[in-house]
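Observations on chain architecture
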Amino acid sequence: MPFHDITRIAGSAMTAQTVRLNTVASNLANAQSAASNATDAYHARKPIFAAVMGHDSGAGARVQVLDVVSSTEPLREAYEPENPMANEEGKVFYPNVNPVAEMTDMMAASRAFETNVEVLGRVRSMQQSVLRLGEA
């Protein structure tokens, strides 16, 4: 596989992991935000990825972010009549964000990003070695 294909694939993977990390950050930042109704409450978001195959079979697959969708998991509803965000029934709606799952996703995305940075570093090193061979 040519170096430029590897670079393109690793670059697309890094872009996808950046979207994933930004989504996790948004979810964690809004995890405790309250709303007076379910419509206005923050819904956790998840990116949807797809593998896009290269034109020839040896080119590998790059990653494409298809969309970022809102979770359909139920919101957390609490009876807190003293909360300024409470509705007429004293209910407050909290996001459907699971901080433990988000932290796990963040660690996995960080590791995937780091792996792709390492791949790009190795490709660069290999390219420099090839150029040095041409000098000899």
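Everything discussed here concerns the structure shown above.
Below, the structure is looked at part by part.

Analysis parameters
- Residues numbered from 1 in each chain as written.
- Predicted model: local features only at pLDDT ≥ 70, side-chain atom pairs only at ≥ 80, totals over all residues.
- Heavy atoms only, no water.
- Salt bridge = Lys/Arg side-chain N within 4 Å of Asp/Glu carboxyl O.
- Helix = DSSP H or I, 4+ residues; strand = E, 2+ residues; numbered from the N terminus.
- Buried < 20%, exposed > 50% of the residue type's maximum accessible area, 1.4 Å probe, protein only.
- Patch = residues over 30% accessible without salt bridge, like charges linked within 9 Å, V, L, I, M, F, W, Y side chains within 5 Å.
- Areas by Shrake-Rupley, 256 points an atom, 1.4 Å probe, with all protein chains shown as cover.
- Polar contact = N/O pair within 3.5 Å; in protein donor to acceptor, adjacent residues only side chain to side chain.
- Contact = heavy atoms within 4.5 Å.

**Considerations on the pattern of salt bridges**
Evaluated as defined, the whole model comprises five salt bridges. Among the ionic pairs, Glu77 bridges to Lys91, the shortest N-O distance being 3.1 Å. Placement of the pair is Glu77 in strand E3 (residues 76-79) and Lys91 in strand E4 (residues 91-94), with a sequence separation of 14 residues. For Glu89, the salt bridge is made with Lys91, and the minimal N-O distance between the two is 3.8 Å. In this structure Lys91 comes out as partly exposed when scored by relative accessible area, which is 29%. The network of salt bridges with shared partners includes Glu77, Glu89 and Lys91.

**Side note on a nonpolar patch on the surface**
On the surface, Ile48, Leu66 and Val69 cluster together into a nonpolar patch covering about 230 Å² of accessible area. Mapped onto the secondary structure, Val69 falls in strand E2 (residues 61-70). Looking at Val69, the relative accessible area reads 33%, which means it is partly exposed.

**Considerations on the side chain of Thr23**
Its location among the elements puts Thr23 in helix H1 (residues 3-29). By relative accessible area, Thr23 is classed as buried at 8%. For Thr23, the side chain forms a polar contact with the main-chain oxygen of Val19, separated by 2.8 Å. Residues contacting Thr23, with those up to four places away along its chain left out, are Arg45, Lys46, Pro47 and Val68.

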